[in-house]
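# Notes for the structure review
Listed below, chain by chain, are the residues.
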Amino acid sequence: MKVLVANIEDVMREAAARWTLIAYFFLSTIFIIIFASAINLDIVDGALAGAKLFGREVDMDNNTISIEKLVLGFETGFSVFLYFLCTFLAIFATAHLVPRMQEKGTIDLYLSRPVSRVKLLLSRYVAGLILAGSNVIYLMGTIWLIVVWKTGVANPRFLLGGLIIFLVIAVLLAFAFLIGVFTSSTAVSIMTTYGIFFFGLMLAAHEQIEAAVSKQWQASTIKTMYWIFPKTAELGQAVVAFVGGAELPERVLRALTPAPFLTTAAFGAGCLILASWLFTRKEF
Amino acid sequence: MTPLIEVSGLRKQYRSSFGKSKITALDGIDFTVGEGELFGLLGPNGAGKTTTVKILLGLTHATAGHASVCGLPVRDPESRRSVGYLPEGHKIPNYLTARQALSIFGRMSGMSSRAIAQRIPALLDQVRLGQWADVRVKKFSKGMTQRLGLACALIHSPKVLLLDEPTDGVDPVGRREIRDLLRDEAKTNGTTVLLNSHLLSEIELTCDRVAVLRHGKVAAFGSVEELTRTTATYKMVATPIDESLVSAFRESGAGVERVNGHMVLSVSDLEHLNTLVDQLRARGGVLSELTPVRSTLEDVFVDLVRADMGESVGAHE
């Protein structure tokens, strides 16, 4: 526990000192301010009388859109944006944790302590998750509060959608750690992690790709890659489906199946196990 | 004396980048360091000093042999519970203050927050950083950073200190303070100190025993006194010293070197020395000083390295 606390303190102090924490939360705050300014709702006697989005009137369709529907629709759409934003910011803010720890002169100070290498690496991972998670909570929590304040409508599913975003961040951070242990390069960790994210988006169309390739082994390879790599597209859809709830079409709600969650989590666990193994064998 | 550091048959081979050739960093070294002992590790660049220290800390894995610290094999992280390490070129995160750095490393060594809070003020005073406790490391000078590194190594009151160039970048006054601190730790707390340094004068002034490494092997080993003692060379101050006396000494088989009004004599044994004294007195000379000449540790070190270079040149020829 002491090792974990020490690593959390170290990571947070570094984030604060190197302006990472400030930039992280500053960017999130910018988006929150834009969001808060963009929406103007006229609520009369508890009913929605009119709405403006980015200064434009929203067609109320003769007042048949309820405020709850509007909030749900908005939060569902915005959750996609937050999915990308939170993930990108999190990886950028935490990918350096392993490469910087492995620098000559620094790693000696850490490894000379009575801590196993696996414990050191995993506690640093947890510290990174706390840093990333705190921003997810800040961003989604503040937006949720603004919506509640402006509309009086509280949709807890919006907040819980943050859990799916957090899962994706945890898996991608595990991959970044693996690359960091192997290469000791922050730049490579960031590039390859974003690469995996977008590769996962492409692989969502794996059936079409498999049908398009000419050879069976190519199709098998595509399929295997689909099942191995994180399902970043499916989990993005799952965020939308979860936030929107039963209001959404069936084809969207189909994203809420266990398979993408389990296989993505397994990929993350595999990355962490491999990173730990490599780190114990590495010579400094 | 209970050995706190034991090294036996230690070997380390590195593979080149593509695994084709092997580089032998350590070729079977043995030594022990007892409790409360100040032990120096010397050697030219590439001799295996830092590799030895890294194996003791588990930073690098030995190819063969055995090493233990505080009775535990070095692969066990618990062996480092009572070890403090100051690496060469250490990088304490410069965004931390001295207090924060000690707190983090103390916690990683298993100390409680209360114990850390109690220890920090006295420790910072001990390394003359008491007034800099809440200043960020990036504002420290090289010497101050080195002293903070030493404090980080001492924060958990270790039984064993492994120091790699501890006085690197430190001014002469600071070097003396560190020497005194290490001696104090050894004497008062029984701390075992293994010192890795290129500053031979520092090793000579600080350490009780030294091992000189060369090409991954122990080339010389013993106390500083044993290594620097030369029983066969004496300084003789006498009057008069003339060519006939020198010739007579040389005819007896002694090596004679005239230096600044005195002579340095190389003799085979004490009996030979007494024969030379008799010869001097027989000629009516007056002996005013006769002292054994000690070589410095630098002399021993350079002789070992040069002997190796001579072997290498001979081999090439």
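Residues numbered from 1 in each chain as written. Chains lettered and ligands numbered in written order. Predicted model: local features only at pLDDT ≥ 70, side-chain atom pairs only at ≥ 80, totals over all residues.

## Quick notes on the overall build of chain A
Of the regular secondary structure elements, chain A holds 13 helices and three strands. Taking all 284 residues of chain A together, the buried fraction comes to 37%. Intrachain contacts of chain A at a sequence separation of at least 6 include 75% that bridge at least 24 residues. (Helix = DSSP H or I, 4+ residues; strand = E, 2+ residues; numbered from the N terminus. Buried ≥ 20, exposed ≤ 12 C-beta atoms within 10 Å, placed from the backbone. Contact = placed C-beta atoms within 7 Å.)

## Some details on the overall build of chain B
Of regular secondary structure, chain B possesses 10 helices and 14 strands. By its C-alpha atoms, chain B is 80 × 50 × 35 Å across when sized along the principal axes. Summarising the internal contacts of chain B: among those between residues at least 6 apart in sequence, 70% fall at separations of at least 24.

## Considering the packing of helix 3 (residues 67-94) of chain A against helix 8 (residues 186-203) of chain A
All names here are of chain A. Axis separation between helix 3 and helix 8 bottoms out at 10 Å; the angle between their running directions is 155°. Taken together, the axes of helix 3 and helix 8 lie roughly antiparallel to each other. As for the relative orientation of helix 3 and helix 8, their crossing is right-handed in sense. Judged by residue contacts, Thr87, Ile91 and Phe92 of helix 3 engage Ile190, Thr193, Tyr194 and Phe197 from helix 8. (Axes fitted to C-alpha atoms, helices over the stretch in contact; angles between N-to-C directions. Parallel < 35°, antiparallel > 145°, perpendicular 65-115°, else oblique. Left-handed = near helix turned anticlockwise from the far one by under 90°.)

## Brief notes about the sheet that holds strand 9 (residues 209-214) of chain B
Within a beta sheet, neighbouring strands are joined by backbone hydrogen bonds and run either parallel or antiparallel to one another. Residues and elements named next belong to chain B. Reading across from one edge, 6-7-8-3-9-10 is the order of the six strands in this open sheet, with mixed pairing throughout. At either margin of the open sheet sits one strand with a lone partner, and together these are strand 6 (83-86) and strand 10 (217-223). Between one strand axis and the next, the sheet turns through 15° on average, direction left out of account. Across five bridges, strand 7 (residues 160-164) lies against strand 8 (residues 192-196) in parallel orientation. (Pairing = 2+ DSSP bridges.)

## Considering the interface of chain A and chain B
Each partner contributes to the interface: chain A provides 24 residues, whereas chain B provides 27 residues. Every element with two or more residues in the side of chain A that touches chain B is listed here: helix 1 (2-17) and helix 5 (107-111) of chain A. Along the lines of polarity and charge, the residues of the side of chain A that touches chain B split into nine nonpolar, four polar and 11 charged. (Nonpolar A, V, L, I, M, F, W, Y, C, P; charged D, E, K, R; others polar.)

## Points about the domain arrangement of chain B
Each domain of chain B was delimited in the assignment, giving domain 1 (3-227) and domain 2 (230-292). Placing a centre on the C-alpha atoms of domain 1 of chain B and another on those of domain 2 of chain B gives a separation of 46 Å. (Domains from an automatic or database assignment.)

## Details of the nonpolar core
Counting residues in each nonpolar core, the largest one holds 139 residues, and the members touching the most others are Phe177 of chain A together with Ala151 of chain B. When residues in this core are grouped by element, the largest group, 16 residues, is from helix 7 (residues 156-183) of chain A. When neighbours within four sequence positions are excluded, phenylalanine 177 of chain A is seen to be in contact with Val98, Tyr125, Cys271, Leu272 and Ala275 of chain A. (Core = buried A, V, L, I, M, F, W, Y, C linked by C-beta atoms within 7 Å.)

## Considering unusual backbone geometry
Following threonine 239 of chain B, the chain continues into proline 240 of chain B via a peptide bond in cis, with omega recorded as -10°. Unusually for a residue other than glycine, serine 184 of chain A sits at a positive phi of about 55°. If you trace the backbone, serine 184 of chain A turns up in the loop between helix 7 and helix 8. C-beta crowding within 10 Å serves as the criterion here: with 18 such atoms nearby, serine 184 of chain A is assigned to the partly exposed category.

## Observations concerning the packing of helix 3 of chain A against helix 7 of chain A
Helices that pack against each other are described as a pair by the angle of their axes relative to one another and the distance between those axes. Residue and element names in this part refer to chain A. For the pair helix 3 and helix 7, interaxial distance at closest approach is 9 Å and the crossing angle is 30°. Classed by the angle they form, the pair helix 3 and helix 7 counts as roughly parallel. For the element pair helix 3 and helix 7, the recorded crossing hand is right-handed. Residues Glu75, Ser79, Leu82, Tyr83, Cys86, Thr87, Ala90, Ile91 and Thr94 of helix 3 form the contact with helix 7, whose own contacting residues are Phe158, Gly161, Ile165, Val168, Ile169, Leu172, Leu173 and Ala176. Looking at side-chain class alone, the contact of helix 3 with helix 7 contains 12 nonpolar, four polar and one charged residues.

## What about the sheet that holds strand 12 (residues 255-259) of chain B?
All names here are of chain B. The sheet built from four strands is open, its strands ordered 12-13-11-14 with antiparallel pairing. The strands lining the two open edges of the sheet, one partner per strand, are strand 12 and strand 14 (286-292). The mean angle between the axes of side-by-side strands here comes to 25°, regardless of whether they run parallel or antiparallel. Bridge count for strand 12 against strand 13 (residues 262-266) is five bridges, and the pairing is antiparallel. Among the inter-strand pairings, valine 256 is bridged to a residue of strand 13, identified as leucine 265.

## Quick look at the pairing of strand 8 of chain B
Residues and elements named next belong to chain B. The buried fraction of strand 8 is high, at five of five residues. Covered by surrounding structure in strand 8 are Thr192, Leu194 and Asn196 together with Val193 and Leu195, the residues of both alternating faces. Across four bridges, the pairing between strand 3 (residues 38-42) and strand 8 is parallel. Directly across from leucine 38, in strand 8, lies its bridge partner valine 193.

## Section: helix 6 (residues 117-151) of chain A
Here helix 6 of chain A is 35 residues long and its end C-alpha atoms lie 50 Å apart, about the 51 Å a rise of 1.5 Å per residue gives. At the exit of helix 6 of chain A stands glycine 152 of chain A, carrying a positive phi of roughly 75°. (Expected span 1.5 Å × (residues − 1).)

## Topic: the environment of valine 210 of chain B
Residue and element names in this part refer to chain B. Position of valine 210 relative to the elements: it lies in strand 9. Separated by 118 residues in the primary sequence, valine 210 and isoleucine 92 place their C-alpha atoms 29 Å from one another. Leave out the neighbours within four places in its chain, and valine 210 touches Gly40, Leu42, Ile203, Val224 and Leu227.

## Details of the confidence of the model for chain B
Residue and element names in this part refer to chain B. Looking at chain B, the pLDDT average stands at 86 and 92% of residues meet or exceed 70. Averaged pLDDT values over the elements of chain B bottom out at 61 in helix 10 (residues 297-316) and peak at 94 in strand 6. Note on residues 312-317: pLDDT under 50 across the span, and zero contacts to partners over four residues away in sequence or across chains. Both scores are given for the predicted complex: the pTM is 0.81, the ipTM 0.76. (pLDDT = per-residue confidence, 0-100.)

## Overview of the environment of isoleucine 241 of chain B
Residue and element names in this part refer to chain B. Looking at the secondary structure, you find isoleucine 241 in the loop between strand 11 (233-239) and helix 8 (243-251). Between the C-alpha atom of isoleucine 241 and that of arginine 258, which follows or precedes it by 17 residues, the distance is 9.0 Å. Dropping the residues within four chain positions of it, isoleucine 241 is found in contact with Arg258 and Met263.

## Some remarks on the environment of tryptophan 144 of chain A
With respect to the helices, strands and loops of the structure, tryptophan 144 of chain A is situated in helix 6. Those residues in contact with tryptophan 144 of chain A that lie beyond four places of it in its chain are Phe158 and Leu159 of chain A.

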